[in-house]
Amino acid sequence: MPSSINDFAIKLGNVNGSGSASANGLLMQAIFRMGIPVSGKNLFPSNIQGLPTWYEIRVNKDGHTARALDYDLMVAMNAQTYARDVKEVRSGGYLLYDSSWPLDEALTRTDVTFIGVPFARLCNENFNESRERTLMKNIAVARAMIALLNFDEAILGALLEEKYGRKKALLGSNHKAIKLGADYIRENYTFPLPFHLEKMNGNEGKILVDGNTATALGCLYAGATVAAWYPITPATSVMDSFKTFCDQYRKDKDTGVNNYIILQAEDELGAIAMVLGASWNGARSFTSTAGPGVSLMNELLGFAYFTEIPAVLIDVQRVGPSTGMPTRTQQADILECAYASHGDTRHILLFPANPTECFDFAAKCFDLAEHFQTPVMMLSDLDIGMNDWVTPEFKWDDKAQPDRGKVLTAEQLEGMTKFFRYMPENGSAVAPRTLPGVHPKGAYFTRGSGHNKFGGYTEVPEEYQEVMDRLLRKHKEAATHVPPAIIEKHGSRIGMITVGGCDQAVREAVGILAGSGQAVDYMRIRAFPFGPEVEDFLATHDFCYVVEQNRDAQLTTLLTLETPVPKENLKPILYYAGFPLSAKHVLNAVLPQTNQSRPEVIHAVNR
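Throughout what follows, the structure given in this document is the object of discussion. (Residues numbered from 1 in each chain as written. Predicted model: local features only at pLDDT ≥ 70, side-chain atom pairs only at ≥ 80, totals over all residues. Heavy atoms only, no water.)

### Comments concerning the overall build of the protein
Cut-off, in case you're wondering: For helices the rule is a DSSP run of H or I covering at least 4 residues; for strands it is a run of E covering at least 2, with both sets numbered from the N terminus onward. Only C-alpha atoms enter the radius of gyration; for comparison, a globular chain is expected to reach 2.2 Å times N to the power 0.38, where N is the number of residues. Exposure is judged per residue with a 1.4 Å probe applied to protein chains only, and the accessible area is read against the type maximum: over 50% gives exposed, under 20% gives buried, and values in between give partly exposed. Contacts between residues were defined by any pair of non-hydrogen atoms, one from each residue, lying within 4.5 Å. Positive charges are assigned to Lys and Arg, negative charges to Asp and Glu, while His and the chain termini are left out of the count. By convention, the point assigned to a charge is CZ for Arg, NZ for Lys, CD for Glu and CG for Asp.
For the protein, the helix and strand inventory stands at 19 helices and 21 strands. The C-alpha atoms of the protein give a radius of gyration of 27 Å, which matches the 25 Å a tight globule of 607 residues would have. Projecting the C-alpha coordinates of the protein onto the three principal axes gives extents of approximately 90 × 70 × 40 Å. A burial count over the protein gives 55% of its 607 residues as buried. Across the protein, every contact between residues at least 6 apart in sequence was considered, and the portion connecting residues at least 24 apart equals 73%. Taking the average place of the 58 positive charges on the side chains of the protein and the average place of its 69 negative ones, the gap between the two points comes to 2 Å.

Following this line, the structure appears as structure tokens:
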């Protein structure tokens with residue numbers, strides 16, 4: 001294999017519960033601190049321990065960090081998956097395995113170099129307790145990789161000191177395990193491998209963070225003080241992080257009293273009800289959940305839409321339907337969220353593509369919710385939320401003022417003859433609201449049943465329809481307030497459209513297509529309702545590929561429902577197996593279609 005500096009992919013196969021996550025994280029952080037663009041994908045099962053788990057690391061000096069499908073180095077530490085792991089090594093690649101036990105000759109490949117290190121035997125000889133042997137084996141594996149791939153030793157030492165500096169026994173065990181792996185490689189193999197790491201300056205202005213942490217920080221900066229939730233994978237760490245931040249930044253400096261409240265409800269229905277109650281009383285409040293939770297919240301989301309109560313919902317999407325695969329990623333909540341609840345509803349949705357946008361959009365959700373007095377949902381996913389990403393540093397304008405929308409003060413109410421809750425002003429579709437207790441003329445109660453613009457109960461058809469028509473106008477007004485689509489034009493009559501976490505893979509595929517003389521224009525949709533730029537992009541292209549991670553082409557459906565684009569002009573590329581998207585998935589789908597003027601629906605190759 002020709003030398004490939006700072007451009008290769010690694011996959012580590014292990015079993016869940018073995019402690020491999022710490023070692024994997026150590027490798028990721030070390031590569032990042034060497035200034036090299038990197039991504040890590042944790043492909044783990046939904047049980048506590050025992051089932052196969054993989055961790056993929058892609059290093060790319062040009063910043064392409066979407067998932068790879070061909071691996072230069074496979075670290076096979078789980079005998080259950082040896083056969084699968086061996087197959088996924090690229091021709092000319094390497095496989096590192098535990099040679100404490102002989103490898104089945106049927107698994108060997110002549111085009112792959114096998115590196116055997118007796119990790120289990122070395123740890124059994126040097127550590128006494130069984131749990132310590134298991135944990136230290138993964139550290140020894142990591143150290144073998146560090147030697148093979150030319151990691152910076154000083155950076156590794158600093159990371160270990162940061163992690164275990166206060167736990168001297170663990171620090172000592174880690175250093176001991178590291179020496180075991182390193183010494184064996186030095187004594188028995190040529191290192192570093194032809195592909196390896198060299199320091200560079202590719203991460204300036206970047207941080208390494210997961211999307212759920214970024215989301216929680218965005219909620220904090222937005223001024224959220226109330227959160228209600230029910231635990232669910234993969235959204236739980238949003239609330240865990242929010243609590244951590246609140247413990248540090250939401251306490252009164254003089255009294256130590258908390259200036260926030262986080263409530264764990266009995267279920268998701270209770271959680272959204274608490275959020276609506278807090279929002280009705282003027283607090284910035286939110287909940288975090290996943291698809292099954294959104295399903296339970298549907299009735300109250302419709303209530304909030306019709307009664308016009310602000311609310312923010314963070315949906316970290318996972319694989320469905322039903323329980324599905326809780327620890328796999330997908331984008332299959334788009335239609336559920338866009339039209340959540342029975343009856344005619346349309347909700348504002350934001351689609352972040354990386355942790356930086358999770359931070360920005362989480363904060364934006366609160367402004368939109370209060371400005372338009374309606375639920376706003378941010379649709380992240382497990383890949384963005386739970387994996388570490390190299391992403392631009394977060395930026396915040398300290399002079400920024402929150403958009404609280406049209407909230408009448410006591411003085412304004414005092415000057416009015418009578419306040420009517422659903423009576424808009426000056427042709428706007430948004431009616432002013434009040435907070436309970438501000439003034440006797442304000443609103444203390446609202447109703448989820450049919451009401452007219454005065455806030456009174458009605459079953460008069462014209463009065464009900466008047467309110468519903470205004471709600472539709474209000475939703476359409478939001479199209480000019482949500483984040484606009486990102487568009488890159490290359491003079492092509494063919495477009496490529498995607499959403500959310502598909503961005504990295506699709507952008508890489510677009511670049512490869514352009515390099516082969518098959519340029520396409522690119523649009524990443526960032527919000528619903530769609531802005532005018534979306535309709536313009538659709539209208540100026542003969543047809544567009546729509547890349548999304550669900551079976552039923554939900555983004556494609558939303559585009560056909562909400563814009564004039566002919567259905568036959570949209571060509572879905574669908575990948576929904578649960579693992580993150582790769583540029584190869586997109587290319588495998590597009591390249592066979594390039595000689596067809598009207599390609600059909602495409603299901604991306606599943607690997």
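### Looking at helix 9 (residues 268–280)
Worth spelling out the cut-off: A helix is expected to reach a length of 1.5 Å times the quantity of its residues less one.
Between its terminal C-alpha atoms helix 9 stretches 18 Å, which fits the 18 Å expected from 13 residues at 1.5 Å a residue. Those residues of helix 9 that sit buried are Glu268, Gly270, Ala271, Ile272, Val275, Leu276, Ala278, Ser279 and Trp280. Each element contacted by the buried residues of helix 9 is listed here: strand 8 (226–229), strand 10 (285–289), helix 10 (291–307) and strand 11 (311–317). Positive phi shows up at glycine 282, right after helix 9, with a value of about 105°.

### What to know about the side chain of arginine 67
Selection rule: In the analysis that follows, any N or O atom pair within 3.5 Å is treated as a polar contact, provided that within protein one partner can donate a hydrogen and the other can accept it, and provided that, for residues neighboring in sequence, both atoms belong to side chains.
Considering the arrangement of structural elements, one finds arginine 67 in the loop between strand 3 (52–60) and strand 4 (71–76). A distance of 2.8 Å separates the side chain of arginine 67 from the side chain of glutamate 56, its partner in a polar contact. Looking at arginine 67, its side chain comes within polar contact range of the main-chain oxygen of proline 580, at 3.5 Å.

### Some details on the nonpolar core
What counts, and what does not: Here, nonpolar core means buried Ala, Val, Leu, Ile, Met, Phe, Trp, Tyr and Cys residues that are tied together by side-chain atoms lying within 4.5 Å of each other.
Core analysis: the largest hydrophobic core is formed by 49 residues, its most contacted members being Ile10, Ile57, Leu73, Val75, Leu96, Met145 and Leu149. In terms of residue count, helix 4 (residues 130–149) provides more of this core than any other element does, 11 residues in total. If we ignore the near neighbours within four places in the chain, the residues touching isoleucine 57 are Phe8, Ala9, Ile10, Leu12, Leu27, Met28, Ile31, Val38 and Ser39. Counting residues in hydrophobic clusters, the runner-up holds 44 residues, among them Ala311, Leu349, Leu413 and Ala443.

### Regarding unusual backbone geometry
With an omega of -5°, the peptide bond between phenylalanine 191 and proline 192 qualifies as cis. Cis rather than trans, the peptide bond between threonine 233 and proline 234 has omega equal to 10°. Looking at where proline 234 falls in the secondary structure, it is placed in the loop between strand 8 and helix 8 (236–249). Although it is not a glycine, asparagine 6 sits at a positive phi angle of roughly 55°. Position of asparagine 6 relative to the elements: it lies in the segment before strand 1 (7–15). Even without glycine at this site, glutamine 373 takes up a positive phi of about 50°. Locating glutamine 373 in the fold gives a position in the loop between helix 12 (355–372) and strand 13 (375–381). Exposure remark for glutamine 373: the relative accessible area of 0% places this residue in the buried category.

### Focus on the side chain of serine 241
Inspection of the secondary structure assignment puts serine 241 in helix 8. By relative accessible area, serine 241 is classed as buried at 13%. A distance of 2.9 Å separates a polar atom in the side chain of serine 241 from the backbone oxygen of serine 237. If we ignore the near neighbours within four places in the chain, the residues touching serine 241 are Asn212, Thr213 and Ala216.

### With respect to the sheet that holds strand 3
Where we set the bar: Should DSSP find at least two bridges between two strands, the strands are taken to pair. Throughout, an axis means a line fitted to C-alpha atoms (over the contacting stretch in the case of helices), and angles, computed between N-to-C directions, take values from 0 to 180 degrees.
Strand order across the open sheet formed by six strands is 2-3-1-4-5-6, with mixed pairing between neighbours. Each edge of the sheet is formed by a strand with only one pairing partner; in this case those strands are strand 2 (38–43) and strand 6 (113–117). Averaged over all neighbouring strand pairs, the angle between strand axes comes to 15°, with direction disregarded. Together, strand 1, strand 2 and strand 3 form the strand contacts of helix 1 (residues 20–33), whose direction differs from that of strand 3 by roughly 5°.

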